[in-house]
Each structure stands twice: as structure tokens, then as C-alpha cells.
Amino acid sequence: MDKINAQNIYYLGPDGSNTYNAMLKLIDICNIKSVNRMPVKSIKSAFEGIKSDNSSVCVLPIENSIEGIVRETIDNLVRLNDTSIQIIAETSIPINHMLLCSGNDKLKIKKIISHPQALAQCSRYIYKTFGDIELKEVSSTGYAAKKISEVKDETLAAIANESCAKLFNLNILEASINDENDNQTRFYLLGRNCFNKNQCEKTAIMLSTKNHAGALCDVLKILSNHGINLTYIDSRPSRKVFGEYLFFMELDGYSQDTGIQTALKELKQYVDFLKILGSFVKYN
């Protein structure tokens, strides 16, 4: 990928969060230069930052291998009216959750705080170890670690990663507490038309089908007829009409490829809404 010049890079902070680690990886592999790192407390804040800042990019989680799609990211992508902001790259990082505390005695813990997906990804461990302990959801694993480091309450624990333990001087009471060993999260890099078109491997779209029997099958058949590989599909409520859904899809290929362009034109007669969210490079 060509060098990306971005004055600011927004990410779900604080430092030490999984999104922070994904950001460091993307800065390196995407050759992002002249960056001011801008941690935010919510995914919505990251979108607000990039919308108001033309020289910026942002890094956001999109999917976890255990818990699935990150709904807040998808919902904000749908509501994004600035078509110049596109998905330009993706990468994945392994997730290794740890139980962190300012104290050393696991028996003293009465509340565990973390991001809701982290809590869900460790739910069996939590119940087996602590039973019906009080849980508190916060905006990121990094914020959870930062919070317990500030209050220094040995009855509070956070689920976060090793970077957070080092950054906030916390004790690792137990490592690798994921319910599933192969736990990964995928992240998007969003920006304004700063990708190398020749390197794009995937395209993301959002659509709503017309309200009749077999409408989604018609869409899938068109993609199949043009030899387009559908790599991901998920649905979200439209928030307009009860029972109406938007479908988020990822396809192999670049949106300007002849096959994809032809398929998207044919799709228009079967859908009420169609939005291209970006064509992008995939980095392992």
C-alpha cells in the first residue's frame, strides 16, 4: 500500500486496549505517517472524529471470531452519510484475555469489569471461577484496566490483555481465560480514498431487500451467477420498520471489477437500499 498521510488516527482507547494494539499494527503495515494518536471512549466518538477531520483515519473492531459482528461499528457505518469515508484496510489480532487486579488474592474479587464482548468471551471461566459475580460493562478492555488501576480496590478485577497489565502496573491473576483458545478480532481502517486500488481484495456492502418471498435468495443468486464469493453476511434491524432488516456483506474482489460492477447494477432491481462501504486490503 502507498504511504498514508493522516494527521490524526482515532481508536477505541485508552492505550493498551485491543484496538490500540491493532492500530499499532496498521500504522506499521499500512505505512501511516505523521499521526497524532487520538484515543476515544466509544465507537461513535471515533466516527464523529473522522467525520469532522478530513486528514484523519480511524481503527475500529468489526468482528470477533467467538462473539461475531460488532454491532455498534456496523450501525455507525450504515448511518455514515459521508461517502468519501471508506473502509481501506483490515487486519486481525489474536485475543488473549487475562484477569487483572491491583491485588494478588483472587478470593477477594467481588466485581469484574470489561468490554461486553470480553465478558461474553470469558463467561464460562467467570461462572466456573466466581459463580454469579457482579459484572460491569465499560467501553473497552483498556478502560477497564485503567479504571481498576486508579481506584486500587482489590475487590475489583478487569479482563484485559498483557499490554494493559504492563501499562497500568496490574497483577495478572490468571492468563488465557478465553472460553475458546482460537479467539481473534478483526479490525477496519477507515479513511478517505487513500488506498491502492490495485491491491484491493475485498468489498463491503450494505443493502436491504424488497419485502417479498425469496428476495434475499435473488440477491445471493445474482452474486453466484457472476462468480462472486460471499465471504461474510450478517443482518441488522433497519430501525425504520419493525421486521425490516439490513444485510451487511463482504465480497471477494474490488468494487470496480467488471463482475462486481455488473452484479451490483443487477441487484438494484431487487433492493430498496444499497451502499458500498469500501474496497480494501486484507492484512493477516
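Residues numbered from 1 in each chain as written. Predicted model: local features only at pLDDT ≥ 70, side-chain atom pairs only at ≥ 80, totals over all residues. Heavy atoms only, no water.

A. Main features of the pairing of strand β9 (residues 111-114). Direction of pairing for β9 relative to strand β10 (residues 134-137): parallel, over a ladder of four bridges. Paired with I112 across the two strands is L135, which belongs to β10. (Pairing = 2+ DSSP bridges. Helix = DSSP H or I, 4+ residues; strand = E, 2+ residues; numbered from the N terminus.)

B. A look at the packing of aromatic side chains. Here the structure, examined in full by the defined rule, presents four aromatic pairs. When the centroid spacing of 5.9 Å and the interplanar angle of 50° are considered together, the rings of Y11 and Y20 count as tilted. For Y11, a relative accessible area of 1% puts it in the buried group. (Phe/Tyr/Trp six-rings, centres within 6.5 Å; stacked < 30°, edge-to-face > 60°. Buried < 20%, exposed > 50% of the residue type's maximum accessible area, 1.4 Å probe, protein only.)

C. How the structure looks around the pairing of strand β5 (residues 56-64). Counting buried residues along β5, nine of its nine residues qualify, which places the element largely inside the surrounding structure. Pairing between strand β2 (residues 8-12) and β5: four bridges, direction parallel. Each bridged residue has a counterpart across the sheet, and for I9 the counterpart in β5 is V57. Here six bridges tie β5 to strand β13 (residues 184-192), and the two strands are oriented antiparallel to one another.

D. Representation of the sheet that holds strand β12 (residues 171-174). Reading across the sheet, the five strands line up as β10-β9-β11-β8-β12 and stay open at both edges, with mixed pairing between neighbours. Every other strand in the sheet has two partners, leaving β10 and β12 as the edge strands with one partner each. Mean inter-strand twist for the sheet, computed between neighbouring axes without regard to direction, equals 35°. Pairing of strand β8 (residues 98-101) with strand β11 (residues 156-160) involves four bridges; the strand directions are antiparallel. Within β11, the residue paired with M98 across the bridge is A160. Packing of helix α6 (residues 141-151) onto the sheet brings it into contact with β8, β9 and β11, and relative to β11 it is tilted by some 155°. (Axes fitted to C-alpha atoms, helices over the stretch in contact; angles between N-to-C directions. Contact = heavy atoms within 4.5 Å.)

E. Region of the structure containing the packing of helix α8 (residues 215-225) against helix α9 (residues 258-267). At their nearest, the axes of α8 and α9 sit 9 Å apart, and the two run at 155° to each other. Looking at the two axes, α8 sits roughly antiparallel to α9. The two elements α8 and α9 meet at a crossing, and its hand is right-handed. On the side of α8, the interface is formed by V219, I222 and L223, while α9 contributes A263, E266 and L267. The residue makeup of the contact of α8 with α9, split by class, is five nonpolar, no polar and one charged. (Parallel < 35°, antiparallel > 145°, perpendicular 65-115°, else oblique. Left-handed = near helix turned anticlockwise from the far one by under 90°. Nonpolar A, V, L, I, M, F, W, Y, C, P; charged D, E, K, R; others polar.)

F. Molecular detail of helix α1 (residues 18-29). Its 12 residues place the ends of α1 17 Å apart at the C-alpha level, agreeing with the 16 Å of an ideal helix rising 1.5 Å per residue. Restricting attention to buried positions, one finds in α1 the residues N18, T19, Y20, A22, M23, L26 and I27. Among the residues trailing α1, N31 stands out with phi positive, at a value near 55°. (Expected span 1.5 Å × (residues − 1).)

G. Inspection of the pattern of salt bridges at higher detail. This structure, assessed with the given rule, holds 16 salt bridges. The salt bridge involving R186 is made with E63; its shortest N-O contact spans 2.8 Å. Taken as a pair, R186 in strand β13 and E63 in strand β5 lie far apart in primary sequence, 123 residues in all. Look at R186 and you get buried, because its relative accessible area is 8%. Each of E63, E90, R186, K202 and E250 takes part in a single network of salt bridges with overlapping partners. (Salt bridge = Lys/Arg side-chain N within 4 Å of Asp/Glu carboxyl O.)

H. Representation of the packing of helix α2 (residues 43-52) against helix α3 (residues 71-79) within the structure. Two elements in contact, α2 and α3, have axes separated by 9 Å at closest approach and are oriented at 30°. In the packing of α2 onto α3, the handedness of the crossing is right-handed. Between α2 and α3, the residues in contact are I43, K44 and F47 and E72, T73, N76 and L77, respectively. Taken together, the residues of the contact of α2 with α3 break down into three nonpolar, two polar and two charged.

I. Local environment of helix α5 (residues 123-130). Along α5, the residues classified as buried are Y125, I126 and F130. Projected down its long axis, α5 carries its buried residues within an arc of 100°, all on one side. When the buried face of α5 is taken as reference, the exposed residues oriented beyond 90 degrees from it are Y127 and K128. Those residues of α5 that are buried are in contact with β8, β9, α4 (116-121), β10, β11 and β12. (Arc of directions from axis to C-beta.)

All quantities given are derived from atomic positions and should not be read as evidence of function.
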